[in-house]
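Each chain, written out:
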Amino acid sequence: MASKPRTMTVNFVGRTDQLDKAYKRVNKGSQNMSATLTRGLRTGMTAFAGIGAAAAGFVALAKPMVDMASNVNEAMSKNKQLFGESAKAVTEFAETAAENLGLSRRETLIAVGDFGALTSAMKMTEEGSHMSMRLVELASDLASFHDTGVDQALTALAAGLRGENEPLRKFGVLLDAATLKTKALEMGLIENTKSALDPAKKALAAYEVI
């Protein structure tokens, strides 16, 4: 028959102060290592967060510049389709717009293109590029003279070419039917004031009045 397990207790007699000190050193070292690792982890996370924030900031800063460059390229492509070989003159015109008109290159290209699309729709292809550039110049002059935004003047001029009278009134330009027919007659676009004005003739007359 197997014997029952017995327990033996051993008592060490002697000085234990060195053992206590060794234990405390080990314990303190573990705590210091833990604190060091924690601080390192926090520093690393802060650094990564900083890098992430910097990257996000760069993206936020770069996006408008990328969008602007894209808009310029789109405007130049649009103008080339509208004006053909004359698009080169439009691009050169836009290069000096900041100094001469107070408009950016991008704003000028877009504005000329918008007028070009309007004149093209009215079958005024031969006059399109010249008229469009001149209208942008006029918009700048009107805005300066009446102390208003160029965008408001551009909108009013576009409305005038479409035959809308009201938007240009505040700029001192009257485009009522009688005025347009009188100008069209002077230009030889119609034979008499009873003749009807098609959109292209009306736009040409409005352009001359403006």
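Residues numbered from 1 in each chain as written. Predicted model: local features only at pLDDT ≥ 70, side-chain atom pairs only at ≥ 80, totals over all residues. Heavy atoms only, no water.

Here's the deal with the overall build of the protein
Turning to step 1, where the next piece is worked out: Of the regular secondary structure elements, the protein holds 8 helices and 0 strands.
Turning to step 2, where the next piece is worked out: N-terminal to C-terminal, the α/β element order of the protein is α-α-α-α-α-α-α-α.
Turning to step 3, where the next piece is worked out: Burial status across the protein gives 29% buried among its 210 residues.
Turning to step 4, where the next piece is worked out: A separation of at least 24 residues holds for 50% of the contacts in the protein among residues at least 6 apart in sequence. (Helix = DSSP H or I, 4+ residues; strand = E, 2+ residues; numbered from the N terminus. Buried < 20%, exposed > 50% of the residue type's maximum accessible area, 1.4 Å probe, protein only. Contact = heavy atoms within 4.5 Å.)

Considering the confidence of the model for the protein
Any region with low pLDDT has predicted coordinates that should not be read closely.
Turning to step 1, where the next piece is worked out: Looking at the protein as a whole, the pLDDT averages 77, with 65% of positions reaching at least 70.
Turning to step 2, where the next piece is worked out: Every residue in residues 58–63 is under pLDDT 50, and counting partners more than four places away or in other chains gives 0 contacts. (pLDDT = per-residue confidence, 0-100.)

Quick word on unusual backbone geometry
Turning to step 1, where the next piece is worked out: Despite not being glycine, D147 has its phi angle at roughly 50 degrees, a positive value.
Turning to step 2, where the next piece is worked out: Inspection of the secondary structure puts D147 in the loop between α5 (128–145) and α6 (150–161).

Structural notes on the nonpolar core
Turning to step 1, where the next piece is worked out: Core analysis: the biggest nonpolar cluster contains 47 residues, and F115, V136, L157 and L168 have the highest contact counts within it.
Turning to step 2, where the next piece is worked out: Listed by contribution, the elements that provide at least two residues to this core are α1 (17–83), α2 (87–95), α4 (105–121), α5, α6, α7 (177–186) and α8 (199–209).
Turning to step 3, where the next piece is worked out: Not counting residues within four places of it along the chain, the set of residues in contact with L168 comprises A156, L157, G160, V173, L175 and I210. (Core = buried A, V, L, I, M, F, W, Y, C linked by side-chain atoms within 4.5 Å.)

Observations regarding the pattern of salt bridges
Turning to step 1, where the next piece is worked out: Taken as a whole and judged by the stated rule, the model has 6 salt bridges.
Turning to step 2, where the next piece is worked out: K78 is paired through a salt bridge with D114; the nearest N and O atoms lie 3.2 Å apart. Within this pair, whereas K78 is found in helix α1, its partner D114 is found in helix α4, the two being separated by 36 residues in sequence.
Turning to step 3, where the next piece is worked out: A relative accessible area of 44% places D114 in the partly exposed class.
Turning to step 4, where the next piece is worked out: The residue K183 makes a salt bridge to E186 at a minimum N-O spacing of 3.1 Å. One end of the pair, K183, and the other, E186, are both in helix α7, 3 residues apart, so they sit about a helical turn from each other. (Salt bridge = Lys/Arg side-chain N within 4 Å of Asp/Glu carboxyl O.)

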